Amino acid sequence: MCLFLVLHMDKFRIFLKNNSRFMSSIVLMIMIPFLIVLSTLWQIRAKNDFFVNEQRSKALSSGAVLANTTDIINTPIGTIKSQIQNIAKDNQGITEITILKPKTTGFTVLASTDEQKLGLTFTSEDYVKTFASNTVITSIINDNAKSPSERFLTVSAPIKDSLTGEKTGIAYIKMSLAQSDTLSAKSTSNSLIILAITIFLVLLLLVNHLRFFEYAVLFRKLNEVDKMKDDFISIASHEMKTPMAAIKGYISMMMEGLVGKFDKQTMEHLQKINTNIQRLDLLLSETLDVSRLEQGRMQFDMTPINFSDVTNQSIKMYIDQASSKGLTLTETQSTKKPIIFADPDRLQQVMDNLIGNAIKYTQKGGITVSYETKNGKLMTVIQDSGIGMNEADRKNLFTKFYRIKNEKTVDIPGTGLGLWIAREIIRKMNGDILVESIENVGSKFTIVMPYMKEE
Ligand code: ADP
């Protein structure tokens, strides 16, 4: 049993550690309704106290007036009687006024609005205390005999002789708290209704909040699955690279005649295999680049380089391909040397992709590469006179796997990943790629990079 508890406590501790935000939200969820209930109860109590205190100060002032104006010794009983009856009539809520005189056995009623008490002797604790301490004493009582639920406030004030200052009796006032109790009950029920509505709304909010927790857990799971997918793609493409290299090597040996002569038809088949292997190899390389870029694993070895050197390298690589299509491929030399800070291999990859695309999607005319400097930026412009594209296609151009599908592109192979990779690489090197294009006129891709200096 103990072991079970220890094991589960450990699990719980790990859960708390991993989900500290979740737990703090749970604590908040409990605290908020608790604080609302506490504040409402406090308000109800304060209001009740306020009503009772209001009545108490009313009774106290009536008691003081009565005690100061009553002269037991010199005033006839009849006058005192009518005096107390007048006070009771003028003060709503006063249910009884009694004037008592001290006797050896207790306090005898001299005059009272309650006729039944006349002549009776009482030994109430309040009377004794009032008389002994010479102070006004108030109490709250329930007159169980008449109405058990009704509460009364009583005031016992000492009556003193105006000349000698000697204590001569007690003025007793009984005041009903029915009105203030009704008011406070009404205010309590109003507060409780508001409390119930607030708690209901808070609970609704919490239920909604719980749904957000579900989303948060789902989101975390999705991220994990996404990462697993990325890892899988990365490992799978990487592992496929080795057998691919071997296949490519053997095909090239066969095509070069290093393993014997093949007839024309076999050579045609080999050519087709080679083309498809090249496509597969490109797809693998691009998939690897996508996963490296998405996981932030692509390395950049930044150094000052002359963009023109990169362009010349690409032109050297593609000039034969361009010529075979009857296209020109030229670089317009700029007066300033286009020096930028970048990774030469990555920049070469981008330039190869853009020039390769320009040749792929151009049927006549040619491709030019030129440079401009503007606001501290170097703009390298690759312009072609190719098929171009419309506005809608241009907007989606840098979306992964996006390929423009029309009768002009139907036979052109590709993955739709090249431009996405190119722009991501340039962005990682603090630049950007912009596109302008007119359908059937041509396209202009501009690589914008911070310009370094003129050499
Ligand atoms: P791929 O060329 O492998 O399909 P890219 O990402 O390089 O993939 O290009 C995406 C799409 O953009 C291409 O399929 C093509 O339709 C269009 N595109 C790219 N470069 C040009 C260009 N210079 N002229 C016209 N269309 C182009």
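Nothing here was measured: the structure is a model prediction, and the numbers come from that model. (Residues numbered from 1 in each chain as written. Predicted model: local features only at pLDDT ≥ 70, side-chain atom pairs only at ≥ 80, totals over all residues. Heavy atoms only, no water.)

Visitor: So, the overall build of the chain: which residues are in play, and what are the values?
Guide: Counting its secondary structure elements, the chain contains 10 helices and 13 strands. Computed over C-alpha atoms, the radius of gyration of the chain comes to 50 Å, more than 25% over the 23 Å expected from 2.2 N^0.38 for 455 residues, which places it beyond the range of a compact globule. Dimensions along the principal axes, computed over C-alpha positions, put the chain at roughly 150 × 65 × 45 Å. The buried share of the chain, reckoned over its 455 residues, is 36%. In the chain, of all internal contacts separated by at least 6 residues, the share reaching a separation of at least 24 is 64%. For the chain, the accessible surface area stands at approximately 27,800 Å², while carbon and sulfur atoms represent 60% of it. (Helix = DSSP H or I, 4+ residues; strand = E, 2+ residues; numbered from the N terminus. Rg over C-alpha atoms; globule rule 2.2 N^0.38 Å. Buried < 20%, exposed > 50% of the residue type's maximum accessible area, 1.4 Å probe, protein only. Contact = heavy atoms within 4.5 Å. Areas by Shrake-Rupley, 256 points an atom, 1.4 Å probe, with all protein chains shown as cover.)

Visitor: So, helix 8 (residues 344-360): which residues are in play, and what are the values?
Guide: Its 17 residues place the ends of helix 8 24 Å apart at the C-alpha level, agreeing with the 24 Å of an ideal helix rising 1.5 Å per residue. Burial analysis of helix 8 places 13 of its 17 residues in the buried class, which makes it a mostly covered element. Where helix 8 begins, one side-chain oxygen reaches toward the backbone nitrogen of Asp345, 3.0 Å away; that side chain belongs to Asp343. (Expected span 1.5 Å × (residues − 1). Polar contact = N/O pair within 3.5 Å; in protein donor to acceptor, adjacent residues only side chain to side chain.)

Visitor: Break down the pairing of strand 12 (residues 432-438) for me, citing the residues and quoting the values.
Guide: The two faces of strand 12 differ: Ile433, Val435 and Ser437 on one face are buried, but Asp432, Leu434, Glu436 and Ile438 on the other face are not. Sheet analysis places strand 12 next to strand 13 (residues 442-450), joined by seven bridges and oriented antiparallel. The residue of strand 13 that forms the bridge with Glu436 is Lys444. In this structure, the hairpin formed by strand 12 and strand 13 is closed by a connection of three residues, where Asn440 is found at a positive phi of approximately 65°. (Pairing = 2+ DSSP bridges.)

Visitor: I'd like to hear about the side chain of Thr415, residue by residue, with values.
Guide: Its location among the elements puts Thr415 in the loop between helix 9 (391-396) and helix 10 (418-428). Residue Thr415 is classed as buried on the basis of its relative accessible area of 18%. Side chain to side chain, Thr415 and Glu286 meet in a polar contact 2.3 Å long. At 3.1 Å, the side chain of Thr415 and the backbone nitrogen of Leu417 are in polar contact.

Visitor: Could you give me a rundown of the sheet that holds strand 13, with the residues and numbers involved?
Guide: The strand order across the open sheet built from five strands is 8-10-11-13-12, with neighbouring strands paired in mixed fashion. The strands lining the two open edges of the sheet, one partner per strand, are strand 8 (328-331) and strand 12. The mean inter-strand angle of the sheet, taken between neighbouring strand axes irrespective of direction, is 20°. Alignment of strand 10 (residues 366-374) against strand 11 (residues 377-384), held across eight bridges, turns out to be antiparallel. If you follow Thr373 over to strand 11, its bridge partner there is Leu378. Each of strand 8, strand 10, strand 11 and strand 13 touches helix 7 (residues 307-324); the most contacted strand, strand 8, lies at about 170° to it. Of the strands in this sheet, strand 8, strand 10, strand 11, strand 12 and strand 13 are in contact with helix 8, which crosses strand 11 at around 25°. (Axes fitted to C-alpha atoms, helices over the stretch in contact; angles between N-to-C directions.)

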